[in-house]
Amino acid sequence: MRVHLVDGTYELFRQHFGQVSRHSDTHPSAAAAGVVSSTLALVADGATHVGVASDHVIESFRNDLYDGYKDGSGLDEAIKTQIPVMEEALASAGFVVWPMVSHEADDALGAAAAVADADERVDQVLIVTPDKDLGQCVRGERVVQFDRRKREILDEAAIIEKFGISPKSIPDYLGLVGDTADGFPGLPGWGAKSASLVLARYGHIEDIPAAAGQWDVAGLRGAAKLSATLQAQLDDAVLFRTIATLDVDLDVGAVDDWRWRGPTDDFEAMAERIGSPDLAQQARKLASAIS
């Protein structure tokens, strides 16, 4: 059994800025329809257990932790209005959907990955997103990320090769370098290379020695300045790490709940509503093939 956990918000952006953006006469719900189509394509490729997480609202508990955190301002209205449409359409197509309000889609994906990882019947968990935040969930070759656009699997060895650190250090890494997409800056002077080198040696922010003279990091430049910045802004680094750490204490159900068994009775009407009536026939054919 392989479990597929899809970042619906990312997929909606991908559809909106992909094919939809290249055509001026598309249906207002074309991106949402594209997400349903691409999720059905996973089933056509052999996926059996699928869960889709979405950011029902853009803000989350993290906005209470840091004023600068992403809040959806400037978000294309065409995307914002399609989020609930996408959620409803996916559910109508028979998929389990986790619409996040107080938390984010990433949290639900992390929670579901943990549930699936703990189920001994599961052979592999594929988190379907290239988002670097989800790298913290990767474990060996059992829990991996799947970038559909690049057709690329990121297992633990690939995460280490890409970032120079193990998955468990990803939140610390983001705490130091920041994440402009999520709206927090990291620490001045700390870049990808310096954070990678230091965390490869020490693992977590609190385990980095306070004095630069105690650092044992080969190939690192400017240790004194980096150390001074870290000590002066340690609270910020820890806060940013907290923001980057997924909260997986969420109820996402059990693996058996995520098995796709075909579309609901109202999916034909929903497919018409989102401007893709052919999706209903596609879903029925897939359901017949697995019954």
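The residue numbering used here restarts from 1 in each chain and proceeds along that chain's sequence as written. Totals for whole chains, interfaces and linings use all residues, but because this is a predicted model, local features are given only for residues with pLDDT of at least 70 and pairs of side-chain atoms are given and counted only at 80 or more. Side-chain figures throughout are based on the complete set of non-hydrogen atoms in the structure, without hydrogens or water.

Chemist: Looking at this structure, I do not really get the overall build of the protein. What am I missing?
Modeler: Here a helix means four or more residues in a row that DSSP labels H or I, a strand means two or more in a row labelled E, and each is numbered from the N terminus. Scanning the protein for helices and strands turns up 12 helices and 6 strands. As defined in this context, the radius of gyration uses C-alpha atoms, and a globule is described by 2.2 Å times the residue total to the power 0.38. Against the 2.2 N^0.38 benchmark of 19 Å for 291 residues, the protein shows a C-alpha radius of gyration of 21 Å, consistent with a compact globule. When the backbone C-alpha atoms are referred to their principal axes, the protein occupies close to 65 × 45 × 30 Å. Across the 291 residues that make up the protein, the buried fraction comes to 51%. The contact criterion used throughout is that any non-hydrogen atoms of two residues lie within 4.5 Å. Across the protein, contacts joining residues at least 24 apart in sequence account for 68% of those joining residues at least 6 apart. Approximately 13,500 Å² of the protein is accessible, and the part contributed by carbon and sulfur atoms is 49%. Relative accessibility decides the category of a residue: with a 1.4 Å probe and only protein chains considered, values under 20% of the type maximum give buried, values over 50% give exposed, and everything between is partly exposed. Here the open area of atoms and residues is found with the Shrake-Rupley method and a 1.4 Å probe, where only the protein chains shown may cover a residue.

Chemist: Which parts of the structure should I look at to understand helix 5 (residues 105-117)?
Modeler: The length a helix should cover is 1.5 Å for every residue beyond the first. Across its 13 residues, helix 5 extends 18 Å between first and last C-alpha, which sits within 8% of the 18 Å expected from 1.5 Å per residue. Taken together, the buried positions of helix 5 are occupied by Ala105, Asp106, Asp107, Ala108, Leu109, Gly110, Ala111, Ala112, Ala113 and Ala116.

Chemist: What should I look at first to understand the packing of aromatic side chains in this one?
Modeler: The description of an aromatic ring pair rests on the distance of the ring centres and on the angle between the ring planes. Only Phe, Tyr and Trp rings take part, Trp by its six-membered ring, and two of them pair if their centres are within 6.5 Å. Stacked means planes under 30 degrees apart, edge-to-face means over 60, and tilted covers everything else. Taken as a whole, this structure holds 7 aromatic pairs when the rule is applied. Seen in terms of ring centroids, Phe95 and Trp260 are 5.7 Å apart; in terms of plane orientation they differ by 25°. Their pairing is stacked. On the criterion of sequence distance, the pair formed by Phe95 in the loop between helix 4 (77-92) and strand 3 (96-100) and Trp260 in the loop between helix 10 (234-244) and helix 11 (267-273) is long-range, its members being 165 residues apart. Given a relative accessible area of 5%, Phe95 falls into the buried group. Judged by its relative accessible area of 3%, Trp260 is buried. With 5.6 Å between their ring centres and 25° between their planes, Phe184 and Phe240 make a pair best called stacked. A residue pair is termed long-range when its members are at least 10 positions apart, and Phe184 in the loop between helix 7 (170-177) and helix 8 (192-202) and Phe240 in helix 10 qualify at 56 residues.

Chemist: Is there a simple way to think about the environment of Gly203 in this case?
Modeler: Inspection of the secondary structure puts Gly203 in the loop between helix 8 and helix 9 (223-232). Exposure remark for Gly203: the relative accessible area of 9% places this residue in the buried category. Separated by 41 residues in sequence, Gly203 and Lys162 have C-alpha atoms that sit 16 Å apart. Every residue in contact with Gly203, bar those within four places of it in the chain, is listed here: Ser169, Asp172 and Val198.

Chemist: Whenever I open this one, the nonpolar core confuses me. Can you help?
Modeler: Across soluble globular proteins, nonpolar side chains show a tendency to be buried alongside one another. The nonpolar core is taken to be a set of buried Ala, Val, Leu, Ile, Met, Phe, Trp, Tyr and Cys residues, with the residues joined through side-chain atoms within 4.5 Å. With 37 residues, the main nonpolar core has Leu12, Val36, Leu40, Leu90, Phe95, Phe267 and Leu279 as its most contacted residues. Of all the elements in the fold, those that place two or more residues in this core are helix 2 (30-44), strand 2 (49-55), helix 4, strand 4 (124-128), strand 5 (143-147), helix 11 and helix 12 (278-290). Per element, the largest residue contribution to this core is 8 residues, and it comes from helix 2. Not counting chain neighbours up to four residues away, the residues in contact with Phe95 comprise Thr39, Leu40, Val43, Val50, Leu90 and Trp260.

Chemist: What is the right way to read the environment of Val43 from this model?
Modeler: Here Val43 shows up in helix 2. Among the residues examined, Val43 registers a relative accessible area of 8% and is labelled buried. The residues touching Val43, leaving out its near neighbours within four places in the chain, are Phe95, Trp260 and Leu286.

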